[in-house]
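# Chain and residue survey
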Amino acid sequence: MKKDVSPHAPEQERQPAPERRRFIKSLGSGTVATLAVAAVAAKPNIGGEASTAQAQRAGRGLFDRSTASASRSQRACNARQQAAEANRLSASKNPVHAANSDDELYPNKIASFTKGLPHHENGEVDLAAYSQLTNALKSGAQADFDRIPMGGTRRMTSPQSGFAFDMQGGDAQSFLMPPPPAFASRETAAEIAENYWMAMMRDVPFTEYGTSEIAEAACADLNLFGSSYKGAKTDVSAGRNNGIVTPDTVFRGLTAGDKAGPYMSQFWYQTCRFGANVINQRIRTVRGVNDGGRDFMTDFGTWLNVQRGYTQERDNYDSTLRYIRNARDLGEWVHIDVLFQGYFQAFLVLAEMGAPVDDGNPYKHSANQSGFATFGSPHVATLLCEVATRALKAVWFQKWMVHRRIRPEVFAGRIDRALYGAANYPVHPEILNSISSSRRLGAYLTPGVGLLPMAFPEGSPTHPSYGAGHATVAGACTTILKAWFDESFVIPNPVVPDVTGTSLLPYTGRFDLTVGGELNKIASNVALGRNMAGVHWLSDATESLKLGEAVAISILRDQKACYNENFNGFSLTKFDGTTITV
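Just so we're clear, the structure is a prediction, and the values are computed from it rather than from any experiment. Chains are numbered independently. Their residues run from 1 in the order of the written sequence. Restriction of local features to residues with pLDDT of at least 70 applies here, the model being predicted, together with a cutoff of 80 or more for giving and counting side-chain atom pairs; totals for whole chains, interfaces and linings are based on all residues. With hydrogens and water stripped out, all remaining heavy atoms of the structure feed into the side-chain values.

## Quick word on the nonpolar core
Most often, soluble globular proteins keep nonpolar side chains buried together rather than apart. Residues Y196, F251 and I431 are the most contacted members of the largest nonpolar core, which totals 144 residues. Numbering of helices and strands runs from the N terminus; a helix is a DSSP stretch of H or I covering at least four residues, while a strand is a stretch of E covering at least two. With 14 residues, the single largest contributor to this core is helix α13 (residues 377-403). The residues contacting Y196, other than those within four sequence positions of it, are A412, I415, I431, I435, L441, L445, G450, L451 and L452. Nonpolar core, defined: a set of buried Ala, Val, Leu, Ile, Met, Phe, Trp, Tyr and Cys residues in which side-chain atoms within 4.5 Å join the residues together. The buried label goes to any residue with under 20% of its type's maximum accessible area, the exposed label to any with over 50%, and the partly exposed label to all in between, with areas taken from a 1.4 Å probe on protein chains only. The contact rule is simple, with two residues in contact once any of their heavy atoms fall within 4.5 Å.

## Here's the deal with the pattern of salt bridges
Any carboxyl oxygen of Asp or Glu that lies within 4 Å of a side-chain nitrogen of Lys or Arg is treated as forming a salt bridge with it. Evaluated as defined, the whole model comprises 25 salt bridges. Among the salt bridges present, the one from K115 reaches E409, with a minimum N-O distance of 2.8 Å. Of this pair, K115 sits in the loop between α5 (102-105) and α6 (127-139) while E409 sits in helix α14 (residues 408-420), and the two are 294 residues apart along the sequence. The class of K115 is buried, set by a relative accessible area of 3%. Across the pair R405 and E191 runs a salt bridge, and its minimum N-O distance is 3.2 Å. Placement of R405 in the loop between α13 and α14 and of E191 in helix α8 (residues 186-200) is noted, with a sequence separation of 214 residues between them. On the accessibility criterion, E191 (2% relative accessible area) is buried. Overlapping salt bridges, with partners in common, bring together D166, E386, R390 and K393 in one network.

## A short note on the packing of aromatic side chains
Ring geometry is summarised as follows: Phe, Tyr and Trp rings, the Trp one being its six-membered ring, pair when their centres sit within 6.5 Å, and such pairs are stacked at plane angles under 30 degrees, edge-to-face over 60 and tilted between the two. In the structure shown here, the tally under the stated rule is 22 aromatic pairs. With 6.3 Å between their ring centres and 25 degrees between their planes, F375 and W484 make a pair best called stacked. Remark: W484 occurs in helix α16 (residues 469-484) and F375 occurs in the loop between α12 (341-352) and α13; sequence separation between them is 109 residues. W484 matches F375 in its accessibility class, with the two residues each being buried. Arranged with centres 4.5 Å apart and planes meeting at 55 degrees, the rings of F375 and Y563 form a pair that is tilted. One end of the pair, F375, is in the loop between α12 and α13; the other, Y563, is in the loop between α18 (538-560) and β5 (571-573), with 188 residues separating them in the sequence. Pairwise contacts between aromatic rings join Y363, F375, W484, Y563, F567 and F570 into one cluster. Its end group placed over the ring of Y425, R414 keeps NZ or CZ at 5.9 Å from the ring centre. Put simply, a charge is over a ring when the Lys NZ or the Arg CZ is close to the ring centre, within 6 Å, and near the line of the ring normal, within 35 degrees. Lying across the ring of F300, R417 places its NZ or CZ 3.9 Å from the centre.

## A look at unusual backbone geometry
For the bond running from Y466 to G467, omega is -5 degrees, close enough to zero to count as cis. The residue G467 is located in the loop between α15 (429-436) and α16 in this model. Even without being glycine, K109 reaches a positive phi, approximately 60 degrees. Structurally, K109 can be placed in the loop between α5 and α6. The exposure class assigned to K109 is buried, which follows from its relative accessible area of 16%. Phi is positive for R404, which is not a glycine, with a value near 50 degrees. As for its placement among the helices and strands, R404 is situated in the loop between α13 and α14. Taking the relative accessible area as the measure of exposure, R404 reaches 1% and is therefore buried.

## Observations regarding the environment of A443
When you line up the elements, A443 lands in the loop between α15 and α16. Assessed through its relative accessible area of 45%, A443 is described here as partly exposed. Separated by 226 residues in the primary sequence, A443 and A217 have C-alpha atoms spaced 9.7 Å apart. In this view, A443 contacts S437 and S438; residues no more than four positions away in its chain are not counted.

## Let's talk about the environment of S319
Among the secondary structure elements, S319 is positioned in the loop between α10 (300-308) and α11 (327-336). Counting along the chain gives 35 residues from S319 to R284, while the straight-line C-alpha distance between them is 7.6 Å.

## Here's the deal with the packing of helix α17 (residues 515-532) against α18
The interhelical angle for the contact between α17 and α18, taken along N-to-C directions, is 150 degrees, at an axis separation of 8 Å. As the angle between them shows, α17 and α18 are arranged roughly antiparallel. Where α17 crosses over α18, the two elements pack in a sense that is right-handed. Of the residues in α18, those in contact with A523, S524, A527, L528 and N531 of α17 are L538, A541 and L545. Here the axes come from fitting lines to C-alpha atoms, over the contacting stretch only for helices, and the angles between their N-to-C directions go from 0 to 180 degrees. Should an angle lie under 35 degrees it is considered roughly parallel, over 145 roughly antiparallel, and from 65 to 115 roughly perpendicular; all remaining angles are considered oblique. Left-handed is the label given to a crossing in which the near helix is rotated counterclockwise from the far helix by less than a right angle, and right-handed is the label when the rotation is clockwise.

Written out as structure tokens, the structure reads:
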């Protein structure tokens, strides 16, 4: 019998199932060097403290007085070696990457990511094709990846990224994520219920959630899942986020600042400049279902075609540029964004409003110097791009080599077949009850169809769901900005969009909107915006923010040893509310 492991169990308790353990051990039999280095690469020090005094000594870096007489080239070499040694000493030699056992539990692979591969008429993958995929992931050989058969025209997205190395920060394979909720669990049922409700509410303005009947219905349904639903709830004296879901909390993130003020961060709306270019933050949106637009993949034939790797054309763009006002607008933004774009724009907004930098910046109180190449605008601007690619490598390892979690659209396909196709899938009965009931989700879905209405014609990307790339990058980039700027600074003149998204109105609520809170909020907005489009789960978002944060912290630590300035580190507040100095 397989051990029932909580996603939040301590690392030593999170042991993968035997089959998955053998799979992870076999990773890269054709890439032995990958495993040799990964085994001693850096695991994030989640609390912010150095693991050992030895690691602290190893990280003294380029300007260690003991190497001052060495040549410049030798000192540069020493800096890299010392950073690598500090990472090695702080890392587990054999990090345990625990999956949720679904891949081994279901021989027909109904709970595994298979998009783009050949599929049978019932929506299940061709097992021979899936076997070729896993063989390639084990060997790491280019030739094995090239032999994987595809079911349509779409290609797999970057499955080899998790094998790549980087020269800064922890190794991509050294960061840990807890297993996602299991296929048959009540928590997964609650997460897919949230996805359905997000789809039903795509055209409701965020500013009208408090008076929306469908928002009330969503809250009532999600509350029936009790503690299995891990989304934002009202705060009560007994603890954090363990009250109930209300229209004021529904679909919000879990970090400090997420529940303060408007749903969307101020960084979506404030005007900023990109050099001489003035950026007005209206975006191209798509029309809603009551305005000539539509959702996608709402019949099984189309759903199956998309799983095989085909797509449709989008034909419902709005001719009017708008500020983001609802989930459909946000979904379109996260559909085609450049991954670090939102946080780069947040940096431009902070620069435009003159937000003060962190007290740790060595130039903040200098009488005759200002930062530029180090501790100035070019430094932070390029660092946002830099952490994004490293975050992607870390999460792509989790996606392909560890978890291979199915996308919500596929789980909804299993629900549809269980309800209306006589399939004997172990879907939790709570979600089946909700979709079948005229008093719950069934009141809003097309009768006889259990599919999740998708915002994108192609549905999800062609890579596994857990962790989420957008959320990991969001966690990494906002961590950099929280390190760089004074988080307590209050955003001046906050605004909200009107219900049409064509103009901005003053925000007159009771909350002061701080830099730290609004950075947390934009990270959650992006992460959950992907859920609103139907392509990710709640736990994808919340856990991946933490992964990105750990990647960014590891990079800041490596870079700290390389400066000539007297620099004692940046202070920042992590997503869990603790404060560290990096």
